[in-house]
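Structural overview for review
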Amino acid sequence: MLKSLEESWCLVLGVSSGIGRAIALGLAEEGVHVAGVHFDTASRAEEVEELIGEIRGKGVEAHFFNANAASRSTRQEVVPRLAELTGSTGGVRILVHSLAFGTLVPFLPRAGWDKQITARQLEMTLDVMAHSLVYWTQDLLAAGLLRDGSKVYAMTSAGTSQALPSYGAVSAAKSALEAHVRQLACELAPQGVAVNALRAGTTVTPALRRIPEHVGYVERAAENNPHGRLTRPEDVADAVALLSRTDSSWLTGNTIGVDGAELHAAAGAWG
């Protein structure tokens, strides 16, 4: 049974840009109040304030926290505040993990790269882009903010099964993230909370532009997608809204492709 999302709350980790931004805006259109965590310098302050204004312009609340989402102290600050904000409205209906901060350094030296990845870089990437999902889920559940009907979404990528020269650490993090999704789905099933990974297709976001090889990769993806275009952040936002309109937790533990069948299309055959 589908239901309205009006007056519910979402928490978007990585809210200020890319897919996280689009999801926040899309859910606001559905009447969802938005809490968001982002980690930006002062140079983006005006842009972030504009986003907050745009969300509030849709008739919902917006409360952002500019802090490191992978930090325990951030969770200690944000979770009690969420409890105050949501009150008796049902806690956090939707948790979105869309953190795209990781190292883009090859494992081994090669032409153009004198230094190989360090243990600190590798551990940081997995902590931010994978393990932090577990920690946020633990703290939200302990605070009574994840309840029957809540949805948890983690943004993954085809990098779990593909290799790019500089993408090794992120690929490992995305693989771990999908494993965490499966484990959390099973452990949260008794609480009626659904947990899924969303595998967006190639999407031009600030995170993608940081990948050294992104230009050629984007060109090939656009050619190969049977829809004749790349995935847009709004495509993922639509999927989140649609999948969240039910209290059922039976669709859980999956990696769901939101890519226009990009992953499955034979290279070049659909041009």
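Computed from a prediction, not measured in an experiment: that's the story for all the values here.

Here we come to the nonpolar core. Leu11, Val37, Leu82, Trp136 and Leu140 are the most contacted members of the largest nonpolar core, which totals 46 residues. Where this core is concerned, the elements lending two or more residues are β1 (9-13), β2 (33-38), α3 (72-86), α4 (119-142), β5 (151-156), α5 (168-188), β6 (194-200) and α7 (214-224). If near-sequence neighbours (up to four positions away) are discounted, Val37 is found in contact with Leu11, Val12, Leu13, Gly14, Val15, Phe65, Ala67, Ala69, Thr74, Val78 and Trp136. Val34, Val60, Val96 and Val258 belong to the second largest nonpolar core, which has 33 residues in total.

Structurally, Ala28 can be placed in helix α1 (residues 18-29). By relative accessible area, Ala28 is classed as buried at 1%. Spatially, the C-alpha atoms of Ala28 and Trp9 are 9.5 Å apart, while their sequence positions differ by 19 residues. If near-sequence neighbours (up to four positions away) are discounted, Ala28 is found in contact with Val34, Ile55, Lys58 and Val60.

So, about the pairing of β2. Across the 6 residues that make up β2, a large majority, 6, are buried. What you see with β2 is no split at all: His33, Ala35 and Val37 on one side and Val34, Gly36 and His38 on the other are buried throughout. Inspection of the sheet shows β1 paired to β2 by 5 bridges, in the parallel sense. Along β2, the bridge assignment pairs Leu13 with Val37. In this region the chain leaves β1, passes through α1 and returns to the parallel neighbour β2; the handedness of that crossover is right-handed. One crossover worth recording links β2 to the parallel strand β3 (residues 62-66) by way of helix α2 (residues 45-56), and it is right-handed.

Procedures and definitions
- Residues numbered from 1 in each chain as written.
- Predicted model: local features only at pLDDT ≥ 70, side-chain atom pairs only at ≥ 80, totals over all residues.
- Heavy atoms only, no water.
- Core = buried A, V, L, I, M, F, W, Y, C linked by side-chain atoms within 4.5 Å.
- Buried < 20%, exposed > 50% of the residue type's maximum accessible area, 1.4 Å probe, protein only.
- Helix = DSSP H or I, 4+ residues; strand = E, 2+ residues; numbered from the N terminus.
- Contact = heavy atoms within 4.5 Å.
- Pairing = 2+ DSSP bridges.
- Right-handed = clockwise from strand over helix to strand, strands pointing away.

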